[in-house]
Amino acid sequence: MVERLSADERRAALAKLKGWADVPGRDAIARTFIFKDFNEAFGFMTRAALVAEKSDHHPEWRNVYKTVEVVLSTHDAGGVTARDIALAEAMDRIAG
Ligand SMILES: C[C@H](O)[C@H](O)[C@H]1CNC2=NC(N)=NC(=O)C2=N1
């Protein structure tokens, strides 16, 4: 059973990530990615989806043209866990 991060652990994790922030009123983190065009945005989502599937940990995301809004939280734990941080790191790497 993966455990929710404490507030301190989450703050430290956010400091390591690029452009992720707490979601007000919810135990989740979010980042909005803006790409050159839809092709780049969807390519990002395709690569991130493969990582999500491989790690069995999936994002909540919304894509409008070149923008991808991502929210990460571990549903089974009811909040942010190490799995969310790992997926956020992977997304940051994919987005470059
Ligand atoms: C059965 C499957 O392993 C679980 O439902 C996984 C799938 N992907 C998941 N993704 C996220 N974000 N949180 C989960 O708790 C979760 N659980």
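Here we summarise the structure given alongside this text. (Residues numbered from 1 in each chain as written. Predicted model: local features only at pLDDT ≥ 70, side-chain atom pairs only at ≥ 80, totals over all residues. Heavy atoms only, no water.)

**Re the overall build of the protein**
Broken down by element type, the protein carries 3 helices and 4 strands. For 96 residues, the compact-globule formula gives about 12 Å, and the C-alpha radius of gyration of the protein, at 13 Å, lands near that figure. The dimensions of the protein, computed from C-alpha atoms along their principal axes, are 35 × 25 × 20 Å. Scored against the burial criterion, the 96 residues of the protein give a buried share of 40%. Counting only contacts in the protein whose residues sit at least 6 apart along the sequence, the fraction spanning at least 24 positions is 61%. As displayed, the protein has an accessible area near 5,700 Å², and 53% of this comes from carbon and sulfur atoms. Of the side chains in the protein, 14 bear a positive and 15 a negative charge, and the two mean positions are spaced by 5 Å. (Helix = DSSP H or I, 4+ residues; strand = E, 2+ residues; numbered from the N terminus. Rg over C-alpha atoms; globule rule 2.2 N^0.38 Å. Buried < 20%, exposed > 50% of the residue type's maximum accessible area, 1.4 Å probe, protein only. Contact = heavy atoms within 4.5 Å. Areas by Shrake-Rupley, 256 points an atom, 1.4 Å probe, with all protein chains shown as cover. Lys, Arg positive; Asp, Glu negative; His and termini not counted. Charge placed at Lys NZ, Arg CZ, Asp CG, Glu CD.)

**Some details on the pairing of strand β3 (residues 60-64)**
Two strands pair when backbone bridges link them, and β3 and strand β4 (residues 67-72) are joined in this way by 5 bridges, in the antiparallel orientation. Among the inter-strand pairings, Trp61 is bridged to a residue of β4, identified as Val70. Where β3 folds back onto β4 in an antiparallel hairpin, the turn is made up of 2 residues, including Tyr65, whose phi is positive at roughly 55 degrees. (Pairing = 2+ DSSP bridges.)

**Describing the site of the ligand**
Taken together, Asp56, His57, His58, Ser73, Thr74, His75 and Asp76 form the complete shell of residues around the ligand. Residue Asp76 places a main-chain N or O atom 2.8 Å away from an oxygen atom belonging to the ligand. When the free accessible area of the ligand is taken as 400 Å², the share hidden by the protein chains comes to 66%. Of the residues belonging to the shell around the ligand, the class tally is no nonpolar, 5 polar and 2 charged. (Near = heavy atom within 4 Å. Polar contact = N/O pair within 3.5 Å; in protein donor to acceptor, adjacent residues only side chain to side chain. Nonpolar A, V, L, I, M, F, W, Y, C, P; charged D, E, K, R; others polar.)

**A closer look at the side chain of His57**
In this fold, His57 is placed in the loop between α2 (38-55) and β3. What makes His57 buried here is its relative accessible area of 7%. For His57, the side chain forms a polar contact with the side chain of Asp84, separated by 2.6 Å. Those residues in contact with His57 that lie beyond four places of it in its chain are Ala52, Ser73, Thr74, Arg83, Asp84 and Leu87.

**Things to note about the packing of aromatic side chains**
Counted according to the given criterion, the structure contains 5 aromatic pairs. Ring geometry for Trp20 versus Phe33: centroids 5.9 Å apart, planes at 75 degrees, classification edge-to-face. Here the residue Trp20 occupies a position in the loop between α1 (7-16) and β1 (21-23), and Phe33 occupies one in strand β2 (residues 26-34), the gap between them amounting to 13 residues. We classify Trp20 as buried; its relative accessible area is 7%. Take Phe33: its relative accessible area is 2%, and that puts it in the buried class. The interplanar angle of 35 degrees and the centroid separation of 5.0 Å between the aromatic rings of Phe35 and Phe44 together place this pair among those described as tilted. By the burial criterion, Phe35 is buried, and Phe44 matches it. Joined through ring pairs, the aromatic side chains of Trp20, Phe33, Phe35 and Phe44 make up one cluster. (Phe/Tyr/Trp six-rings, centres within 6.5 Å; stacked < 30°, edge-to-face > 60°.)

No statement about biological role is implied by the geometric values presented.
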